[in-house]
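A structural walkthrough
If you want the building blocks of each chain, they are given just below.
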Amino acid sequence: MQIIQIAAETVTQVSQVTGNLGVLGYGLAAIGPGIGVGLVVSKTIESIARQPELAARLQVTMWLGIAFTEALALIGLATPFIFAA
Amino acid sequence: MFDDLNSVMFRVLKLGSLLVLAVVSIGSAIGFLIAGTSGVLAALSGGLAALAFTALTVFSLLLGAKLGLGGFLAVVLGGWLIKMVLFLVFFWVLNNADWLSSEARPVVFFTVVAAVIGGLVLDTWIVTKARITPSV
């Protein structure tokens, strides 16, 4: 009986999430753009290594890729203004 | 005749600033109707954040293009990281600001989203129109 009680208490404690959930929100908002910018940059390096004469054009294209990806991050950072309790 | 990185980026800055000005004007009008002066300040802060966000990337690119590939990536990616931290602090301060009433809070969000999405459309249009020379 005592064991069941301890188990029940443990489950309650584990399933409780305490603290600010906004931290999780920021973490999730950072994952996508992080992966996205990494991919954009790695492919740009690869392309410049293959065709160095196109560097100027590839840098502009890379900037466009970064601009699209970071838009998600900025919107993610601004969400507390509509979702906050 | 042909564009280089600098001319494209300066065009982005110039037209981007005009776009943010337009978004902030509309946002301020709507914000004033919803929440009075607090709404106007909210639209201004949102517009400032969106403009600074775009402009900092453009400046990091302009600075980085003067360096080699390694320097370019260091400046652009390092600048991106610092910018994220700056904006986290900016939004944290704004989130706790007393002058921002609860009715005005969505105005910040929607001004940021409108300016960022409008900016992306503008950026894409400028880049597709640009005629960039190969460096050789």
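It should be noted that the structure appears before, not after, this text.
Residues numbered from 1 in each chain as written. Chains lettered and ligands numbered in written order. Predicted model: local features only at pLDDT ≥ 70, side-chain atom pairs only at ≥ 80, totals over all residues. Heavy atoms only, no water.

Now for the interface of chain B and chain A. Taken together, the 40 residues of chain B in the interface contact 31 residues of chain A. Buried surface at the junction of chain B and chain A, both sides included, amounts to about 3,300 Å², of which 83% is carbon and sulfur. At the boundary of chain B and chain A, one finds one salt bridge. Between B:Lys83 and A:Glu70 there is a salt bridge whose closest N-O contact spans 2.8 Å. Our enumeration of links across chain B and chain A arrives at three residue pairs in polar contact (both at pLDDT 80 or more). Of all the elements in the fold, those that place two or more residues in the side of chain B that touches chain A are helix H1 (5-35), helix H2 (37-65), helix H3 (69-95) and helix H4 (105-129) of chain B. In the side of chain B that touches chain A, the residues fall into 32 nonpolar, five polar and three charged. (Contact = heavy atoms within 4.5 Å. Buried area = accessible area lost by both parts, 1.4 Å probe. Salt bridge = Lys/Arg side-chain N within 4 Å of Asp/Glu carboxyl O. Polar contact = N/O pair within 3.5 Å; in protein donor to acceptor, adjacent residues only side chain to side chain. Helix = DSSP H or I, 4+ residues; strand = E, 2+ residues; numbered from the N terminus. Nonpolar A, V, L, I, M, F, W, Y, C, P; charged D, E, K, R; others polar.)

A few words on helix H2 (residues 22-50) of chain A. Here H2(A) contains 29 residues, and its C-alpha end-to-end distance of 43 Å stays within 8% of the 42 Å for a straight helix at 1.5 Å per residue. Buried within H2(A) we find A:Ala29, A:Pro33, A:Gly36, A:Val37, A:Val40, A:Val41, A:Thr44 and A:Ile48. Those residues of H2(A) hidden inside the fold are in contact with helix H3 (55-78) of chain A together with H3 of chain B. (Expected span 1.5 Å × (residues − 1). Buried < 20%, exposed > 50% of the residue type's maximum accessible area, 1.4 Å probe, protein only.)

Positionally, B:Thr111 belongs in helix H4. Of the residues examined, B:Thr111 reaches a relative accessible area of 4% and is grouped as buried.

Residue and element names in this part refer to chain A. Summed over all chains, the structure comprises three salt bridges over all chains. Its salt-bridge partner being Lys43, residue Glu46 comes within 3.9 Å of it at the nearest N-O pair. Taken together, the residues Glu46 and Lys43, both in helix H2 and three residues apart, mark about one turn of the helix. Residue class for Glu46 comes out partly exposed when judged on its relative accessible area of 36%. Taken together, the salt bridges that share partners define one network made up of Lys43, Glu46 and Arg50.

The first and last C-alpha atoms of H1(B) sit 42 Å apart over 31 residues, in line with the 45 Å expected at 1.5 Å per residue. Directly beyond the C-terminal end of H1(B), a positive phi value near 70° is found at B:Gly36.

Residue and element names in this part refer to chain B. Taken as a whole and judged by the stated rule, the model has six aromatic pairs over all chains. Ring centres of Phe87 and Phe91 lie 6.3 Å apart, and the angle between their planes is 45°; on these two criteria the pair is classed as tilted. A residue pair is termed a helical-turn pair when its members lie 3 or 4 positions apart in one helix, as Phe87 and Phe91 do in helix H3 at four residues. Accessibility classification places Phe87 together with Phe91 in one group, the buried group. Summarising the aromatic geometry, the rings of Phe90 and Phe91 are spaced 5.6 Å apart at their centres and angled 70° between planes, so their arrangement reads as edge-to-face. (Phe/Tyr/Trp six-rings, centres within 6.5 Å; stacked < 30°, edge-to-face > 60°.)

Below, the discussion takes up the environment of A:Arg50. Residue and element names in this part refer to chain A. Tracing the sequence through the fold places Arg50 in helix H2. Relative accessible area serves as the criterion here: at 65%, Arg50 is assigned to the exposed category. With 33 residues separating them in the primary sequence, Arg50 and Val17 have C-alpha atoms 49 Å apart.

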